[in-house]
Amino acid sequence: MQTPKPLLPEGARRTAAWCGVVLLVTGVAAVAVWLCIIFKTAVTPVLLALLGTALLGPVHSRLTARGMNRSLAAGLTCALLVAVVGGAGYIVVTALVDTGDQIIRSLKDAGQWIIDHFGISKNTNVDDLVANAQKLVEKFGASAAGGILSGISLIGSLIATSVLALLLTFFFLRDSDKAVQLAHSVAPRGTGDLVEAMGRRAFEAVQGFMRGTTFIALIDAVCITAGLLILRVPGAVGLGALVFVGAYIPYLGAFLSGAVAILVALADRGIVIALWALGVVLAVQVLEGHVLQPMIQSRTVQMHPATIMIAITAGASVAGLLGMLLAVPACAAAFGILGELRGERSSPSGA
């Protein structure tokens, strides 16, 4: 019997098949994002706890390796987390509060200097720009805060989220040895090893990102603060704190915090010192891009800057500031899973 001729050529059928796969994956991802938004009250502490576990997991492992009880080790690790995050937060907030008014005043003066020296329309009013910027920040901050816990005050939502994230971090650290059993129990039959490998790869990617980013942020903040202090730029400590916080939003955070430092130097110390401040910021960025990142994050998932910018933009559109902070770790985990799938797919042929 003669085989019937296909209605579509081979190339068209392959294209249609890939389009179906892309639509299916996109639909599943869209549903997952929608569910995360719907259940953001529970999802946010879980994500923060995973980041905390990734950051301090090695500390817990070393304590348990020395014979310490897992619950006690998890409690000490969480206490260390509270001390480190609380101390760093106190230093950053204190520095920003003490120098915030001076930084804002300097930014206003820098804006006026730019208007005066570059012939911008005389109808432009710096006070109006500052007021509009404040409204934009308040609006953006409100949307970001509303993405954490709806219907509760900002302070209450932060406390509730922090406490829940801390408790979840304790349980994640204490019961991390049971994660392999959980992966095998929920995975379809015959795929337990693959699910375990994907989970390990994703967690290692997030772990490398958190530790590397924290270390790089600390070095950037110290170097830029030292440079601004040498140049006698006012509010140097607060600007350094801003650099440290901004480093957790790759590229965009460094650009914004560096621009603020340069504008403050321009307003208070003149164009020559501003150029020196620009040199300090660029030198630190070159050090980060060509030395620190290749050295510290060489074993983690490497992502193209364009991919990072797209992830940050998508995170901001979904969950505001919180989405910007979580977008890159989530993207790193996704790339880790894809890398494991590619390795699994190519291993039989290469065997």
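Note that the structure is predicted; figures quoted are calculated from it, not measured.

Caption draft 1: Inspection of the nonpolar core at higher detail. Counting residues in each nonpolar core, the largest one holds 20 residues, and the members touching the most others are Leu51, Val206, Met210, Met303, Ile308, Ile312 and Val328. Secondary-structure elements contributing two or more residues to this core are helix H2 (40–65), helix H7 (192–230) and helix H10 (305–350). In this view, Met303 contacts Ile308, Val328, Cys331, Ala332 and Phe335; residues no more than four positions away in its chain are not counted. Within the second largest apolar cluster, 17 residues are counted, among which are Leu228, Val243, Val280 and Val284.

Caption draft 2: Inspection of the pattern of salt bridges at higher detail. This structure, assessed with the given rule, holds 2 salt bridges. Arg200 serves as the salt-bridge partner of Glu196, at 3.1 Å between the closest nitrogen and oxygen. Here the residue Glu196 and the residue Arg200 both occupy positions in helix H7, the gap between them amounting to 4 residues, near one helical turn.

Caption draft 3: Focus on the confidence of the model for the chain. Looking at the chain, the pLDDT average stands at 76 and 76% of residues meet or exceed 70. Looking across the chain, the model is least confident in helix H4 (residues 126–146), with a mean pLDDT of 50, and most confident in helix H1 (residues 10–38), with 87. Within the model, pLDDT remains below 50 along residues 136–152, and this stretch shows 21 contacts once partners closer than five positions in the same chain are excluded.

Caption draft 4: Representation of H7. With 39 residues, H7 ought to run about 57 Å at 1.5 Å a step, and its terminal C-alpha atoms sit 57 Å apart, in line with that. The positive-phi residue at the C-terminal boundary of H7 is Arg232, with phi of around 60°.

Caption draft 5: Up close: the packing of H2 against H7. Put simply, H2 and H7 touch, their axes get as near as 8 Å, and they point 75° apart. Overall, the two elements H2 and H7 adopt an arrangement that is roughly perpendicular. Taking contact as the criterion, the partners of Leu50, Leu51, Thr53, Ala54, Leu55 and Pro58 in H2 are, on H7, Phe203, Val206, Gln207, Met210, Arg211 and Thr214.

Caption draft 6: Summary view of the packing of aromatic side chains. Across all of its chains, the model carries 1 aromatic pair by this definition. Taking 5.4 Å as the distance between ring centres and 70° as the angle between the ring planes, the aromatic pair formed by Phe170 and Phe171 counts as edge-to-face. Using a relative accessible area of 39% as the deciding quantity, one classes Phe171 as partly exposed.

Caption draft 7: Quick peek at the environment of Phe244. As for its position among the elements, Phe244 is in helix H8 (residues 236–246). Classification of Phe244 by relative accessible area gives buried; the value is 18%. Note: C-alpha distance between Phe244 and Ile224 (20 residues apart in sequence) is 9.8 Å.

Caption draft 8: Examining the packing of H7 against H8 more closely. Contact pair H7 / H8: the axes reach a minimum separation of 8 Å and the direction vectors enclose 160°. As far as their axial angle goes, H8 and H7 are roughly antiparallel. For the pair H7 and H8, the crossing hand works out as right-handed. On H8, the residues touching Thr214, Ala217, Leu218, Asp220, Ala221, Ile224, Thr225, Leu228 and Leu229 of H7 are Ala236, Val237, Leu239, Gly240, Val243 and Phe244.

Caption draft 9: Looking closely at the environment of Ala73. By secondary structure assignment, the location of Ala73 is in helix H3 (residues 70–117). For the pair Ala73 and His60, spaced 13 residues apart in sequence, the C-alpha separation works out to 5.8 Å.

Caption draft 10: The arrangement of the environment of Asp268 in detail. Locating Asp268 in the fold gives a position in helix H9 (residues 252–296). For the pair Asp268 and Pro234, spaced 34 residues apart in sequence, the C-alpha separation works out to 7.4 Å.

The rules we used
Residues numbered from 1 in each chain as written. Predicted model: local features only at pLDDT ≥ 70, side-chain atom pairs only at ≥ 80, totals over all residues. Heavy atoms only, no water. Core = buried A, V, L, I, M, F, W, Y, C linked by side-chain atoms within 4.5 Å. Buried < 20%, exposed > 50% of the residue type's maximum accessible area, 1.4 Å probe, protein only. Helix = DSSP H or I, 4+ residues; strand = E, 2+ residues; numbered from the N terminus. Contact = heavy atoms within 4.5 Å. Salt bridge = Lys/Arg side-chain N within 4 Å of Asp/Glu carboxyl O. pLDDT = per-residue confidence, 0-100. Expected span 1.5 Å × (residues − 1). Axes fitted to C-alpha atoms, helices over the stretch in contact; angles between N-to-C directions. Parallel < 35°, antiparallel > 145°, perpendicular 65-115°, else oblique. Phe/Tyr/Trp six-rings, centres within 6.5 Å; stacked < 30°, edge-to-face > 60°. Left-handed = near helix turned anticlockwise from the far one by under 90°.

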